[in-house]
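Analysis of the macromolecular model
Read off the chains here:
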Amino acid sequence: MSRTNLIIKVLIVIVLLALAFEGMRHTDYNEPAIVSQPWDHSPITVYIDDTDVPEHYSPSYKEDVLSALEYWEKGGNGQLGFQPEFQIVDTDNADILIMWVDNLEKDAGSANGIAGFTRPYIVSGKFERVDIVLEAGNYEGYAWRQYGDSSMEDIAAHEIGHALGLGHSDDRSDIMYPKYDRRDNLDPLLFNSTRYVLLALLIGAVFIVSYHGTGWLRYRKQRRKLEKDVFSDPDGESKNE
C-alpha cells in the first residue's frame, strides 16, 4: 500500500470518527414552554437593580438588558404565544427583578459555565414574580474575565425568555439554545460542540505522525545495514574508520 493511499484512508477514518462522535454528542434541548401564558396582566413590570451591584458591574449592562427587553417586545424568536410589553420601574416590588453578581460559580455556588439563571414563582399556573441573576464574568482557567456588552445582552435575552415562559431550544441559532459561558473573546460552546471532532483529528494526526516516525526509523535501520554491507571489509572492519 502506498503512503499516499494510507494517508487518504486515515483521513477517511478521521472524518467517520468525527461524525460518529458528533452524533453521540447531540443532546435534545427542545423543552416545552414552562408556562404558555405566564403572565395574567400587561405591562410586565421590570426592576433592573443597578444600585446594589458587584465590583465588576459595568454601567452599560443596564442598556444591554433594555435592548434584550426590546428584542422580546419586537417578537423575539417568534415562539411566544403573546406579545409582551414591559414597564421599567424603580422599585424591587416588580414582576421581574434583574440583578448581577460577579460570578455565579463563586458567589452562588452554581455549576461552572452557567452565565445566568431565572427563578420563577408560579401560583395557579401563572408567574407571580421572577428573579433573574446574571453574572458579570467567568473564569478562563485561573484568570477571571468580564463579559462584554454583546455577551451580556445575549445572556439577558436568554434569561428573559425563560421569564416569558420559554424553555430551551435545540436550535443553535435560537436565543433559547443554552449557550452558556459566552464571552466576546472566547466562546466555550464552540469548543464544546467541536471537541470530539478535534479529538478525532488529534488522534488521526498522532497516527500519521507515528506512522511517518516508524517509517523513518525503518528507513534508517535499512540504510545502516546497507552502509555496513557496502563499506565493510570481509573481516567486518569498516573501511571508513
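Before going into details, it helps to say that this report is about the structure given with it.

The rules behind these values
- Residues numbered from 1 in each chain as written.
- Predicted model: local features only at pLDDT ≥ 70, side-chain atom pairs only at ≥ 80, totals over all residues.
- Heavy atoms only, no water.
- Axes fitted to C-alpha atoms, helices over the stretch in contact; angles between N-to-C directions.
- Helix = DSSP H or I, 4+ residues; strand = E, 2+ residues; numbered from the N terminus.
- Parallel < 35°, antiparallel > 145°, perpendicular 65-115°, else oblique.
- Left-handed = near helix turned anticlockwise from the far one by under 90°.
- Contact = heavy atoms within 4.5 Å.
- Nonpolar A, V, L, I, M, F, W, Y, C, P; charged D, E, K, R; others polar.
- Buried < 20%, exposed > 50% of the residue type's maximum accessible area, 1.4 Å probe, protein only.
- Salt bridge = Lys/Arg side-chain N within 4 Å of Asp/Glu carboxyl O.
- Pairing = 2+ DSSP bridges.
- Core = buried A, V, L, I, M, F, W, Y, C linked by side-chain atoms within 4.5 Å.

Let's shift gears to the packing of helix H2 (residues 60–73) against helix H4 (residues 149–163). Contact geometry of H2 with H4 gives a least axis separation of 8 Å together with a crossing angle of 45 degrees. As far as their axial angle goes, H4 and H2 are oblique. The chirality of how H2 crosses H4 is right-handed. Packed against H2, whose contacting residues are Ser60, Tyr61, Asp64, Val65, Ser67, Ala68, Leu69, Tyr71 and Trp72, the element H4 presents Asp149, Met152, Glu153, Ala156, Ala157, Ile160 and Gly161 at the interface. Split by residue class, the contact of H2 with H4 holds ten nonpolar, three polar and three charged.

Bringing unusual backbone geometry into the picture now. For the peptide bond that leads from Ser42 to Pro43, omega is 0 degrees, which places it in the cis range. The phi dihedral of Ser124 is positive, around 55 degrees, even though this residue is not glycine. Relative to the helices and strands, Ser124 resides in the loop between strand S4 (116–123) and strand S5 (126–135). A residue is classified by how much of its surface remains accessible, and Ser124, at 75% relative accessible area, is exposed.

Bringing the pattern of salt bridges into the picture now. Following the criterion strictly, the structure yields two salt bridges and no others. The closest approach of N and O atoms between Asp50 and Lys62, which form a salt bridge, is 3.6 Å. Separated by twelve residues along the polypeptide, Asp50 in the loop between strand S1 (44–48) and H2 and Lys62 in helix H2 bring together distant segments of the chain. Its relative accessible area of 25% is what places Lys62 among the partly exposed residues. Glu70 is the salt-bridge partner of Lys74, the closest N and O atoms lying 3.0 Å from each other. The exposure class assigned to Lys74 is exposed, which follows from its relative accessible area of 66%.

Sheet strands associate in pairs through backbone hydrogen bonding, adopting either a parallel or an antiparallel arrangement. A sheet is described by the order of its strands in space; here five strands give the open sequence S2-S1-S3-S5-S4, paired in mixed fashion. Across the chains shown, the open sheet's two edge strands, defined by having one partner strand only, are strand S2 (86–88) and S4. Neighbour-to-neighbour, the strand axes of the sheet open up by a mean angle of 25 degrees, direction not taken into account. Note that strand S3 (residues 96–101) and S5 share six bridges and pair parallel. By the bridge assignment for S5, Ile96 is matched with Val130. Against the sheet, H2 makes contact with S1, S2, S3 and S5, and its axis sits at roughly 160 degrees relative to S2, the strand it touches most. Packed on one face of the sheet, H4 meets S2, S3, S4 and S5 and runs near 160 degrees to S5.

This brings us to the pairing of S4. Taken together, the eight bridges between S4 and S5 define a ladder with antiparallel strand orientation. In the sheet register, Ile122 faces S5, and the bridge partner there is Phe127. Once S4 ends, the chain turns through two residues before running back antiparallel as S5, passing Ser124 with a positive phi of about 55 degrees.

A separate point is the nonpolar core. In this structure, Trp72, Phe86, Ile96, Ile98, Trp100, Leu134 and Ile160 are the most contacted members of the largest nonpolar core, which totals 33 residues. Of all elements in the fold, only S1, H2, S3, S5 and H4 reach the threshold of two or more residues within this core. For this core, the element with the most residues is H4, which contributes six residues.

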